[in-house]
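Each chain, letter by letter, is given below.
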Amino acid sequence: AIFALRDSTLSESSCIMIKSALLLFTASALDQAQGWADNTRGPNNKDGLDYSTIQNDLDFYKTIGNTFKISPLDDFEFTPAHGYGVAEKLRAETDAYYKANRSNLRKLKMEDPHAVIDGFENAKQWAMLQLNAVKVHAHKAPLTNENMVGRELSVKASKQLVDEQESLVACHVLEKYQDDDFIYGCHVAYHVGVLEVTVAPYGLDSTLYAACHDDPDSDVKPFCHILSIHDTMFTVEAAGKVTV
């Protein structure tokens with residue numbers, strides 16, 4: 001329609017094609033937004049895909065000797081630079097989803113809150129608001145001592161870092177923000193616990209965090225996956241330290 005206004009020589013068929021393309025683009029954007037907001041987009045917010053480390057056995061990352069690999073597609077160790085476009089895209093998808101459901105906006109934001117947030121402290125404040133808490137604990141996936149991507153990793157040790165929470169706030173790193181801070185894609189997750197998993201592909205211990213989802217009210221089968229570096233789970237209760 002914009003092109004048609006600028007060029008009056010466009011044929012009627014060309015205008016129809018342009019309008020059709022715009023409608024398809026709008027539908028695609030809303031589909032993406034719907035996916036981000038209702039968790040069908042794929043749990044990895046950097047690319048909207050499933051994590052390569054998903055396991056439907058909730059005991060998989062508790063079992064010593066189990067092996068797995070982290071695909072390069074997970075962007076486990078890679079955080080895009082500020083302005084790369086990941087955060088901007090997800091923010092646009094979120095806004096489009098809420099605008100498309102404006103009639104139920106208040107209910108939607110209460111029952112299924114999602115946000116793209118600049119900086120750790122802002123993410124923490126958002127988590128406190130969502131969890132109705134004056135204090136939250138941040139469990140940030142740590143840096144590893146070796147490159148983990150593409151290698152066969154074996155569970156050397158495992159312990160419960162966070163007992164299953166009725167609800168917590170999961171904030172996934174999207175891009176670098178400033179200094180050592182990040183832009184996060186945050187949402188409330190239900191019936192999630194976190195495991196601290198030790199691996200040592202070349203003899204040097206590294207710690208990975210595995211998030212395990214077991215929501216009885218969800219149609220999705222229970223699953224666990226490895227969190228990317230700097231992803232943060234905000235909880236009200238203190239971390240547990242039960243050795244498995």
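Note that the structure is a prediction, hence the values are computed from the model and not measured.

Thresholds, definitions, all that
Residues numbered from 1 in each chain as written. Predicted model: local features only at pLDDT ≥ 70, side-chain atom pairs only at ≥ 80, totals over all residues. Heavy atoms only, no water. Helix = DSSP H or I, 4+ residues; strand = E, 2+ residues; numbered from the N terminus. Buried < 20%, exposed > 50% of the residue type's maximum accessible area, 1.4 Å probe, protein only. Contact = heavy atoms within 4.5 Å. Areas by Shrake-Rupley, 256 points an atom, 1.4 Å probe, with all protein chains shown as cover. Core = buried A, V, L, I, M, F, W, Y, C linked by side-chain atoms within 4.5 Å. Disulfide = S-S within 2.5 Å. Pairing = 2+ DSSP bridges. Salt bridge = Lys/Arg side-chain N within 4 Å of Asp/Glu carboxyl O. Phe/Tyr/Trp six-rings, centres within 6.5 Å; stacked < 30°, edge-to-face > 60°. Polar contact = N/O pair within 3.5 Å; in protein donor to acceptor, adjacent residues only side chain to side chain.

**Regarding the overall build of the protein chain**
1) Next: Per the secondary structure count, the protein chain includes five helices and ten strands.
2) Next: For the protein chain, the proportion of its 244 residues judged to be buried stands at 41%.
3) Next: By sequence separation, contacts in the protein chain at least 24 residues apart represent 71% of the contacts at least 6 residues apart.
4) Next: Element-wise, carbon and sulfur atoms account for 52% of the exposed surface of the protein chain, whose accessible area totals about 13,400 Å².

**What to know about the nonpolar core**
1) Next: In terms of nonpolar packing, the biggest core is built from 18 residues, with Ala-123, Val-169, Cys-171, Tyr-184, Cys-186 and Phe-234 touching the most fellow members.
2) Next: Going through the elements one at a time, strand E2 (114-118), helix H5 (120-131), strand E5 (157-176) and strand E6 (182-199) are the ones with two or more residues in this core.
3) Next: Counting residues per element, this core draws most heavily on H5, at six residues.
4) Next: Once residues lying within four places of it in the same chain are set aside, the contact partners of Cys-171 are Ala-123, Tyr-184, Gly-185, Cys-186, Asp-231, Thr-232, Met-233 and Phe-234.
5) Next: Of all hydrophobic cores here, the second largest spans 17 residues; its members include Phe-68, Leu-195, Cys-212 and Ile-229.

**Looking at the state of the cysteines**
1) Next: Taken as a whole and judged by the stated rule, the model has two disulfides.
2) Next: Two residues, Cys-171 and Cys-186, share a disulfide whose sulfurs are 2.1 Å apart. Taking the sign of the torsion about the S-S bond as the criterion, the disulfide between Cys-171 and Cys-186, at about 115°, is right-handed. With Cys-171 in strand E5 and Cys-186 in strand E6, this residue pair connects regions lying 15 residues apart in the sequence. Each member of the pair Cys-171 and Cys-186 is classed as buried.
3) Next: With its sulfur 2.1 Å from that of its partner, Cys-212 forms a disulfide with Cys-224. Where Cys-212 bonds to Cys-224 through sulfur, the torsion about that S-S bond is close to 115°, and the disulfide is right-handed. One end of the pair, Cys-212, is in strand E7 (residues 206-213); the other, Cys-224, is in strand E8 (residues 223-226), with twelve residues separating them in the sequence. As far as the burial class goes, Cys-212 and Cys-224 line up, both buried.
4) Next: In the protein chain, the cysteines engaged in disulfides, taken in order along the sequence, are linked 1-2, 3-4.

**Section: the pairing of E8**
1) Next: Because side chains alternate across E8, one face comprises the buried residues Phe-223 and His-225, and the other comprises Cys-224 and Ile-226, equally buried.
2) Next: Where E7 meets E8, four bridges bridge the pair, whose relative direction is antiparallel. From the neighbouring strand, Ala-210 faces E8, where its bridge partner is Ile-226.

**Observations regarding the pattern of salt bridges**
Pairing between side chains becomes possible if they bear opposite charge and their charged atoms approach one another.
1) Next: Evaluated as defined, the whole model comprises four salt bridges.
2) Next: Between Lys-156 and Asp-205 there is a salt bridge, with the nearest N and O atoms lying 2.7 Å from each other. With Lys-156 in the loop between strand E4 (153-154) and E5 and Asp-205 in the loop between E6 and E7, this residue pair connects regions lying 49 residues apart in the sequence.
3) Next: The class for Lys-156 is partly exposed, based on a relative accessible area of 46%.

**Concerning the packing of aromatic side chains**
1) Next: Following the criterion strictly, the structure yields five aromatic pairs and no others.
2) Next: With a centroid separation of 6.5 Å and an interplanar angle of 70°, the aromatic rings of Phe-60 and Phe-68 are classed as edge-to-face.
3) Next: The exposure class assigned to Phe-60 is buried, which follows from its relative accessible area of 12%.
4) Next: One aromatic cluster is present, built from ring pairs that chain together Phe-60, Tyr-61 and Phe-68.

**Regarding the environment of Val-155**
1) Next: By the element assignment, Val-155 lies in the loop between E4 and E5.
2) Next: Along the primary structure Val-155 and Asn-66 are separated by 89 residues, whereas in three dimensions their C-alpha atoms are 5.5 Å apart.

**Remarks on the environment of Gln-165**
1) Next: Mapping Gln-165 onto the fold places it in strand E5.
2) Next: On the basis of relative accessibility, which here comes to 7%, the residue Gln-165 falls in the buried class.
3) Next: Within polar-contact distance, the side chain of Gln-165 engages the backbone oxygen of Asp-163 at 2.8 Å.

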